[in-house]
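The residues making up each chain are set out below.
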Amino acid sequence: MNKFIKLNKTIVKCSKCSRLVKFRKKISKFKRKQYINEKYWGKPITGFGDINSRILIVGLAPAAHGGTRTGRVFTGDRSSDFLYKCLYKAKISNQSISKSVDDGLKLNNAFITTALKCVPPGDKPKKNELDNCSKYFDEEINNLNNLRVIVALGKIAFDACVYFYKKKYTLNQKLNFGHGLIYNLPNNVKLIGCYHPSPRNVNTGRINLNKMSHLFKKAIKLT
Ligand code: SF4
């Protein structure tokens, strides 16, 4: 536990990426109309969940008016609403909502984090920003001692996971992102690609509750 406490203290104080620091401050100052009376968290976001878990779920970055507002990853935006319906159905979370840090949410055998700890403009990070933040992401993976399965939400998160394993181990195989594709990684870990639970993917029917919860159930079986 101490390793994560120390790491999280460092993450929330980080200001290495000037473009992202400027952006998260701007969002927290001007806010979205419906949250105008709320105080935004406005800092980098850390991982959340059970640090002894066998499943790691990885997103791209905190949402502008979700994690950046509430202070917890996948909390308080529409992607989180959909994600937690799926996680609850798969019995990975104790409830189907993730609205605020004091909502009682708990994860069962899972830890959730993002490859980038600050929201990027247009959800498009620059390579140097992902590189800067990879030291935190790498440390999170290294500290999850029981890790067996990683579910990567979207291509950028998937590539960040592959990058970690390529840096740490010999991995010559080319790994392509695809929903439901499963790869064997070194150290007896499996990587599953999964579409991001974004409103666009939900509204276009690319993903739905059954499809996504089925993928999470498969992740549990692989542990
Ligand atoms: S994205 Fe990561 S490295 Fe960049 S400022 Fe945020 S926490 Fe620091």
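Structure report, in brief.

Thresholds applied
Residues numbered from 1 in each chain as written. Predicted model: local features only at pLDDT ≥ 70, side-chain atom pairs only at ≥ 80, totals over all residues. Heavy atoms only, no water. Helix = DSSP H or I, 4+ residues; strand = E, 2+ residues; numbered from the N terminus. Rg over C-alpha atoms; globule rule 2.2 N^0.38 Å. Buried < 20%, exposed > 50% of the residue type's maximum accessible area, 1.4 Å probe, protein only. Contact = heavy atoms within 4.5 Å. Areas by Shrake-Rupley, 256 points an atom, 1.4 Å probe, with all protein chains shown as cover. Lys, Arg positive; Asp, Glu negative; His and termini not counted. Charge placed at Lys NZ, Arg CZ, Asp CG, Glu CD. Near = heavy atom within 4 Å. Nonpolar A, V, L, I, M, F, W, Y, C, P; charged D, E, K, R; others polar. Salt bridge = Lys/Arg side-chain N within 4 Å of Asp/Glu carboxyl O. Patch = residues over 30% accessible without salt bridge, like charges linked within 9 Å, V, L, I, M, F, W, Y side chains within 5 Å. Pairing = 2+ DSSP bridges. Axes fitted to C-alpha atoms, helices over the stretch in contact; angles between N-to-C directions. Parallel < 35°, antiparallel > 145°, perpendicular 65-115°, else oblique.

**Regarding the overall build of the protein**
1) Next: Looking only at helices and strands, the protein features 8 helices and 6 strands.
2) Next: Each helix (α) and strand (β) of the protein, taken in turn from the N terminus, gives the series α-α-β-β-α-α-β-α-β-α-β-β-α-α.
3) Next: Over its C-alpha trace the protein gives a radius of gyration of 16 Å, about what one expects of a compact globule, namely 17 Å for 223 residues.
4) Next: For the protein, the proportion of its 223 residues judged to be buried stands at 51%.
5) Next: Contacts spanning at least 24 positions in sequence make up 68% of the contacts within the protein whose residues lie at least 6 apart.
6) Next: Of the roughly 11,300 Å² of accessible surface on the protein, a fraction of 50% belongs to carbon and sulfur atoms.
7) Next: Within the protein, the 13 negative side-chain charges are centred at a point lying 3 Å from the centre of the 43 positive side-chain charges.

**Digging into the site of the ligand**
1) Next: Lining the immediate surroundings of the ligand are Cys14, Lys16, Cys17, Leu20, Pro44, Leu116, Lys117, Cys118, Asn132, Cys133 and Tyr136.
2) Next: At 3 residues, the largest contribution of residues to the shell around the ligand is made by helix 5 (residues 127-143).
3) Next: Each residue belonging to the shell around the ligand can be placed in one class, and the counts come to 8 nonpolar, 1 polar and 2 charged.

**Observations concerning the pattern of salt bridges**
1) Next: Taken as a whole and judged by the stated rule, the model has 8 salt bridges.
2) Next: Where Arg69 meets Glu38, a salt bridge forms, and the shortest distance between an N and an O atom there is 2.9 Å. Taken together, the residues span a long stretch of sequence, with Arg69 in helix 3 (residues 67-70) and Glu38 in the loop between helix 2 (18-30) and strand 1 (48-49) at a distance of 31 residues.
3) Next: The partly exposed category is assigned to Glu38, whose relative accessible area is 33%.
4) Next: With its nearest N and O atoms 2.8 Å apart, the salt bridge here joins Asp103 to Arg72. With Asp103 in the loop between helix 4 (78-89) and strand 3 (110-114) and Arg72 in the loop between helix 3 and helix 4, the pair connects residues that are 31 residues apart, well separated along the chain. There is no split in this pair, since Asp103 and Arg72 are both buried.

**Comments concerning a positive patch on the surface**
1) Next: On the surface, a cluster of positive charge is contributed by Lys89, Lys91, Lys217 and Lys221.
2) Next: When you line up the elements, Lys221 lands in helix 8 (residues 209-222).
3) Next: Residue classification places Lys221 among the exposed residues on the basis of a relative accessible area of 76%.

**Describing the environment of Gly180**
1) Next: Relative to the assigned elements, Gly180 resides in the loop between helix 6 (155-168) and strand 5 (182-185).
2) Next: When the C-alpha positions of Gly180 and Cys194 are compared, they lie 5.9 Å apart, and in sequence the two are 14 residues distant.
3) Next: In contact with Gly180, not counting residues within four places along its chain, are Ile192, Gly193, Leu215 and Lys218.

**What to know about the sheet that holds strand 1**
1) Next: A sheet is described by the order of its strands in space; here 6 strands give the open sequence 1-3-2-4-6-5, paired in mixed fashion. The open sheet is flanked by strand 1 and strand 5, the only strands paired with a single partner.
2) Next: Examined bridge by bridge, strand 5 and strand 6 (residues 189-194) share 4 bridges and lie antiparallel to one another. In the sheet register, Leu185 faces strand 6, and the bridge partner there is Val189.

**So, the packing of helix 1 (residues 2-12) against helix 5**
Packed helices, taken two at a time, are described by the angle their axes make and the gap between the axes.
1) Next: At a minimum axis distance of 11 Å, the contact between helix 1 and helix 5 shows a crossing angle of 170°. Here helix 1 lies roughly antiparallel to helix 5, going by the angle between them. Across the interface between the two elements, Lys3, Phe4, Leu7, Thr10 and Ile11 of helix 1 pack against Tyr136, Glu139, Glu140 and Asn143 of helix 5.

From the geometry alone we can't say anything about function, so treat these as descriptive.
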